[in-house]
Structures are given as C-alpha cells and as structure tokens.
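Survey of secondary and tertiary structure
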Amino acid sequence: MSLTIGATPVYAEQNGQLVGVFKDHPECERIGTHGVHHDWWNDYTCQWESRYRYYFLYV
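Definitions and cut-offs
Residues numbered from 1 in each chain as written. Predicted model: local features only at pLDDT ≥ 70, side-chain atom pairs only at ≥ 80, totals over all residues. Heavy atoms only, no water. Helix = DSSP H or I, 4+ residues; strand = E, 2+ residues; numbered from the N terminus. Buried < 20%, exposed > 50% of the residue type's maximum accessible area, 1.4 Å probe, protein only. Contact = heavy atoms within 4.5 Å. Disulfide = S-S within 2.5 Å. Expected span 1.5 Å × (residues − 1). Salt bridge = Lys/Arg side-chain N within 4 Å of Asp/Glu carboxyl O. Pairing = 2+ DSSP bridges.

1. Things to note about the overall build of the protein chain
When you go through the protein chain residue by residue, the secondary structure sums to two helices and three strands. Residues counted as buried form 29% of the 59 residues belonging to the protein chain. Contacts in the protein chain between residues at least 24 apart in sequence constitute 51% of all its contacts with a sequence separation of at least 6.

Given below as structure tokens:
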C-alpha cells in the first residue's frame, strides 16, 4: 500500500528524493531492493516517520 501526503518530510529535502510511502517496513524494503536490482537507484533508505505513521522510501 502506498500513500501520497501533501507535505514533504524535512528528511527528504535534506538527504534524498522521496519515491514512496508505505504502511509497513517489509514492503518499503522490498520496493527499495527492487529498485536497486533494476538499476533505478544505487541505494535507498526506509525511514519511519512517526508523525505520519508511515515508512518513507528515499533514494
């Protein structure tokens, strides 16, 4: 499950591009790994944003 939120977390503005929002960590990791295997990005981070209660995927 992914979700679009109007406000971009501060982390994205400082450290990377936001490419997805997920309800659970395994899904965020799965998509992050999928992107690496398909050369869409070199690295990724799944960051828990407690104020939104979702995981944000940054590359």
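Next comes the rest of the write-up.
2. Let's talk about the state of the cysteines
This structure, assessed with the given rule, holds one disulfide. Residue pairing for cysteine 28: its cysteine sulfur links by disulfide to cysteine 46, the two sulfurs lying 2.2 Å apart. Measuring handedness by torsion sign, the sulfur bridge of cysteine 28 and cysteine 46 sits at about -105° and is left-handed. Residue cysteine 28 is found in helix H2 (residues 25-37), and its partner cysteine 46 is found in strand E2 (residues 45-49); the two are separated by 18 residues along the sequence.

3. Description of H2
Compared with the 18 Å implied by 1.5 Å per residue over 13 residues, the 18 Å span of H2 between its first and last C-alpha is a close match. On its buried face, H2 is in contact with strand E1 (18-22), E2 and strand E3 (54-58). Two residues or fewer past H2, aspartate 39 is found with a positive phi of approximately 60°.

4. Regarding the pattern of salt bridges
Inspection of every chain in the model, using the stated rule, returns two salt bridges. Residue arginine 30 is joined to glutamate 27 by a salt bridge in which the shortest nitrogen-to-oxygen separation is 2.9 Å. Taken together, the positions of arginine 30 and glutamate 27, both in helix H2 and three residues apart, correspond to about one turn of that helix. Of the residues examined, arginine 30 reaches a relative accessible area of 48% and is grouped as partly exposed. Residue arginine 51 pairs with glutamate 49 through a salt bridge whose shortest N-O separation is 3.8 Å.

5. Side note on the pairing of E2
Relative to E3, E2 is paired through five bridges, and the arrangement is antiparallel. Considered in E3, the bridge of threonine 45 is made with tyrosine 58. The hairpin turn running from E2 into E3, its antiparallel successor, is four residues long, and arginine 53 in that turn takes a positive phi close to 65°.

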